[in-house]
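Listed below are the residues making up each chain.
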Amino acid sequence: MKISEYRRSTRETLGRLFGDEAGPLCDVLLCAFLDVDHSKLLLMADDEIPEEITYKMSDAIDRLGMGVPVQYIIGNCWFYGLKIQVGQGCFIPRSDTENLVKAAIGIIPQGGSFVDIGVLEQSHFELQGQHALHGPVDLRFVKGCALEYSYKALPYTEKNLEAYPNVSVRRFDALDESDYDALAEQFGRRFDAILCNPPYIKREDMDTLQQQVLYEPHTALDGGEDGLDYYRTIIPLAPIILKDSGAIIFEVGAGEAEDVGNMLREAGYKVAFIRDVQGIERVVLGKKY
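In this report, the structure presented in the accompanying data block is examined. Quick caveat, the model's predicted, so the values are computed rather than measured. (Residues numbered from 1 in each chain as written. Predicted model: local features only at pLDDT ≥ 70, side-chain atom pairs only at ≥ 80, totals over all residues. Heavy atoms only, no water.)

**A word on the nonpolar core**
And then number 1: Counting 32 residues, the largest nonpolar core has L14, L29, L30 and L34 as the members making the most contacts within it.
And then number 2: Ranked by the residues each element gives to this core, the list is headed by helix α2 (residues 22-34), at eight residues. (Core = buried A, V, L, I, M, F, W, Y, C linked by side-chain atoms within 4.5 Å. Buried < 20%, exposed > 50% of the residue type's maximum accessible area, 1.4 Å probe, protein only. Helix = DSSP H or I, 4+ residues; strand = E, 2+ residues; numbered from the N terminus.)

Have a look at this one:
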């Protein structure tokens with residue numbers, strides 16, 4: 001069977017489950033299994049589909065039908081123009097988090113230092129290293145620390161950051177004060193910025209999430225009764241590892257920006273908000289001067 005014919009029949013199969021998403025899902029899988037980009041896939045329309053690829057596709061379609069995210073199936077995803085490795089136990093990065101990355105690039109000083117609390121996306125540091133080389137700060141020459149809670153996600157974090165020796169990786173519980181003390185003792189200094197995209201979904205909303213999202217680690221999603229548990233803990237503990245003139249950059253859920261902003265104001269920070277493409281206040285920036 002030609003690839004064009006296989007694409008058509010597979011889209012029809014997926015269409016019964018995923019509607020308008022069927023076409024993109026089909027092509028994402030085919031590109032991954034054939035190891036080609038989308039342009040190359042289109043040029044291969046008249047080629048015969050290899051039998052081993054049809055077996056992989058059949059298995060992938062079955063897993064998609066069970067709710068497994070396509071990113072877990074192919075083992076990677078694209079975020080901010082880079083391919084990063086993900087798998088079971090990893091939180092899959094969303095485009096919303098690009099706003100946090102852009103804010104961090106603009107605020108970290110030349111030669112400065114930063115930490116990313118809860119690197120379940122495993123993307124922030126890698127992206128900054130790639131995309132800010134000629135921007136306001138060359139992030140090859142800053143010191144960073146990627147803090148990850150999940151033992152399952154840690155190997156992915158380490159793999160994705162192999163090319164960035166200026167960034168260390170360690171396990172860290174954002175709700176445990178002793179981990180902040182240990183980090184400060186290890187580095188012997190405090191940092192210029194804290195980046196954090198914490199769990200912020202209200203507990204009552206967890207059961208309403210799409211099946212694919214529920215495959216991701218609940219520890220990366222559940223923000224407590226009102227979704228704000230992590231902000232309440234991180235903000236008062238931040239001075240242990242954050243310089244007096246440092247910045248905290250949070251991603252927040254829809255409708256949470258003002259509450260998080262007020263927490264930061266009460267802790268002595270000046271606050272700014274950054275909206276996403278939908279106009280939602282998605283990033284809250286707290287800075288002391």
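That covers the picture; the talk isn't over yet.
**Thoughts on the pairing of strand β7 (residues 242-251)**
And then number 1: Burial runs high along β7: seven of the ten residues are buried.
And then number 2: Here five bridges tie strand β6 (residues 191-196) to β7, and the two strands are oriented parallel to one another. Bridge pairing in β7 places C196 opposite F250.
And then number 3: Relative to strand β9 (residues 281-287), β7 runs antiparallel, the two sharing five bridges. Looking at the pairing, A247 lines up with K287 of β9. (Pairing = 2+ DSSP bridges.)

**Structural notes on the environment of L42**
And then number 1: Relative to the assigned elements, L42 resides in helix α3 (residues 38-43).
And then number 2: Remark: the alpha-carbon pair of L42 and D27, spanning 15 residues in sequence, is separated by 9.5 Å.

**A short note on the side chain of T10**
And then number 1: Looking at the element boundaries, T10 is found in helix α1 (residues 3-18).
And then number 2: Given the relative accessible area of 4%, T10 is considered buried.
And then number 3: In this structure, T10 is in contact with C26, M57 and I61, ignoring residues within four places of it in sequence. (Contact = heavy atoms within 4.5 Å.)

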